[in-house]
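# Examining the three-dimensional arrangement
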Amino acid sequence: MPLALLALAVGAFGIGTTEFAMMGLLPDVADDLHISIPAAGHLVSAYALGVVIGAPLLAAATARMSRRKVLIALMGLFVAGNALSALAPDQNWLLAARFLSGLPHGAFFGVGAVVATGLVAPERKARSVSLMFLGLTVANIAGVPAATLVGQHLGWRATFLGVSVIGVAAIASLVLLIPHTPGHTPAGGLRGELAALRPLPVWLALGTTVAGFGALFSAYSYITPMLTEAAGYTEASVTLLLALFGVGATVGNLLGGRLADHAMRRTLFGGLASLVAVLAAFPVLMRTEWSAALAVVLLGTAAFVTGSPLQLMVMEKAAAAPSLASSANQAAFNLANAGGAWIGGLALAAGFGATAPAVAGAALAVLGLAVAGAAYSVDRRRAAAVAGAPGRLVATHLPAPAEHAHR
């Protein structure tokens, strides 16, 4: 694998750290800015909103630029957003800075996935994407716990300054390791770029992302009350258990990349089916401490097995605009984050118990399987229609010029 993938992974590590560290710093931020914790929770939403808006817009706006320059510029915007977060004097400033930090998130992963697949042979595309995402999953093992500890001991502003330093290191890595790659000229300009997202298979692939990862976040958003109320862990133990989730996510990400290079569709279906089984078993697994820890690892593994195949599937279905499609998939991922958390919250508020969000997540994973199945059915019908087209049948009966000359 090319060393250039390391530069993408460093950027992904910084992005993953700043995205998830805020959740552990909410009490510190709320106390320092003299706001309530629910009000501080809007900072998480502001970041996610930045991702959803920035992913397709920035990818489309920079389509003609060198992808190397785009990645460097996006990481520069990321550094600026986190530095401004560290300097925020009040809640409104911090909300704007978090929104700014989220803008480059989806476009970086989207453009980065296109660059990563262009660096390797076709049979290694999924693995190249999984190695870029490795930075995101490792962030859950090391980056987020370290950022939380720094914030608790040195203040939350120090965390965002530290993330800015990671961003600078990522820029240096991109400058040194990423080769010069030209952008592509979309047919019909921006309208042609957006038209590539119009076909039904693209939307089915994006819908699979929303449902599949919505299943993950339905449970993961409420993993702390599950571990403390159902499994009996103390709150002090939760940080270590969340690191175990990162371990599972890392294993699943690497496994999914390797398997998807051999059978992308089977890997996707297998990952979603595993996610259904794990989430459905949560009410049983959360009864003891050891099985609860196992459940956290399995949740990360099953969910992230689907990451690489979903990213590649969206890129293939919108081949005329791969950067935009890949970035749109990141926007779908963050919609899954918000939607899954909302659905899990409804299940919890309904009084069905601490593990109810996981059961709701299992239902979402079943929906993801159904959408993936519909996508497969559409692909098979279209392939059959192409194979049965009259022009294609006639062509099969004509000898190739070279063969005719040989005879």
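Residues numbered from 1 in each chain as written. Predicted model: local features only at pLDDT ≥ 70, side-chain atom pairs only at ≥ 80, totals over all residues. Heavy atoms only, no water.

## Some details on the side chain of Ser 326
Our working definition: Helical segments are the DSSP runs of H or I of at least four residues, strand segments are the runs of E of at least two, and each set is numbered from the N terminus. Here a polar contact means two N or O atoms within 3.5 Å. Within protein one must be a hydrogen donor candidate and the other an acceptor candidate, and residues neighboring in sequence count only if both atoms are side-chain atoms. Note on contacts: a residue pair is in contact if any heavy atoms of the two residues lie within 4.5 Å.
Mapped onto the secondary structure, Ser 326 falls in helix α15 (residues 322–349). In terms of polar contacts, Ser 326 uses its side chain to reach the side chain of Gln 311, at 2.3 Å. Residue contacts for Ser 326: discarding those within four places in its chain leaves Phe 109, Gly 110, Ala 113, Gln 311, Val 314 and Met 315.

## Re the packing of aromatic side chains
What counts, and what does not: When the centres of two rings from Phe, Tyr and Trp lie within 6.5 Å, Trp using its six-membered ring, the rings pair. Their planes under 30 degrees apart give stacked, over 60 give edge-to-face, and anything left gives tilted. For each residue, the accessible area found with a 1.4 Å probe, counting protein chains only, is set against the maximum for its type, and the residue is called buried under 20%, exposed over 50%, and partly exposed in between.
Under the defined criterion, the tally for this structure stands at nine aromatic pairs. On the numbers, 6.1 Å between centres and 85° between planes, the contact of Phe 108 with Phe 109 is edge-to-face. A relative accessible area of 0% means that Phe 109 is categorised as buried. For the ring pair Trp 156 and Phe 160, a centre distance of 6.0 Å and an interplane angle of 80° mean the geometry is edge-to-face.

## Things to note about helix α14 (residues 307–317)
Of all 11 residues in α14, nine are buried, a share of seventy percent or more. Inspection of α14 places Gly 307, Ser 308, Pro 309, Leu 310, Gln 311, Leu 312, Met 313, Val 314 and Met 315 among the buried residues, and these make up the whole buried set.

## Focus: the packing of helix α8 (residues 200–220) against helix α11 (residues 264–280)
To be explicit about the condition: Only the contacting stretch of a helix is used when fitting its axis, a line to C-alpha atoms as for every element, and angles between N-to-C directions run 0 to 180 degrees. If an angle is under 35 degrees, it is roughly parallel; if it is over 145, roughly antiparallel; if it lies from 65 to 115, roughly perpendicular; otherwise it is oblique. Definitions for this section: a left-handed crossing has its near helix turned counterclockwise from the far helix by less than a right angle. A right-handed crossing has that turn clockwise. When residues are sorted by character, Ala, Val, Leu, Ile, Met, Phe, Trp, Tyr, Cys and Pro go into the nonpolar class, Asp, Glu, Lys and Arg into the charged class, and all the rest, Gly among them, into the polar class.
In contact at an axis separation of 11 Å, α8 and α11 are set at 25° when each is read in the N-to-C sense. Put simply, α8 runs roughly parallel to α11. Both α8 and α11 take part in a crossing whose hand is left-handed. Where α8 abuts α11, its residues Thr 208, Gly 212, Ala 215 and Ala 219 lie against Leu 268, Leu 272, Leu 275 and Leu 279. Here the contact of α8 with α11 is built from residues that sort into six nonpolar, two polar and no charged.

## As for the packing of α8 against helix α13 (residues 289–304)
Running from amino to carboxyl end, α8 crosses α13 at an angle of 165°, the nearest separation of the two axes being 10 Å. With respect to their mutual orientation, α8 and α13 come out roughly antiparallel. Between α8 and α13 the crossing geometry is left-handed. The segment α8 lies against α13, with Phe 213, Leu 216 and Ala 219 engaging Leu 299, Ala 303 and Phe 304. Residue composition of the contact of α8 with α13, grouped by class: six nonpolar, no polar and no charged.

## Some points on the side chain of Ser 101
With respect to the helices, strands and loops of the structure, Ser 101 is situated in helix α4 (residues 91–118). Here Gly 81 takes part through its backbone oxygen, which lies 3.3 Å from a polar atom of the side chain of Ser 101. In this structure Ser 101 touches Tyr 47, Phe 78, Gly 81, Asn 82 and Ser 85, once residues within four positions along its chain are discounted.

## Side note on the nonpolar core
Using the following cut-off: Buried Ala, Val, Leu, Ile, Met, Phe, Trp, Tyr and Cys residues that are joined via side-chain atoms within 4.5 Å together make up what is termed a nonpolar core.
Ranked by internal contacts, the top residues of the largest apolar core, which has 90 residues, are Leu 8, Leu 216, Phe 282, Met 286 and Leu 299. With nine residues, α8 is the largest single contributor of residues to this core. The contacts of Leu 216, once residues within four sequence positions are left out, are Phe 245, Leu 299, Ala 303 and Phe 304. Core analysis: the next-biggest nonpolar cluster, separate from the first, contains 15 residues, Met 22, Val 29, Ala 88 and Phe 160 among them.

## Some thoughts on α15
Applicable threshold: To estimate the expected span of a helix, subtract one from its residue number and multiply by 1.5 Å.
Over its 28 residues, α15 runs 40 Å from end to end, which matches the ideal 40 Å to within 8%, given 1.5 Å per residue. Extensive coverage of α15 is indicated by the burial of 20 of its 28 residues. A positive phi of about 85° marks Gly 351, the residue just after α15.

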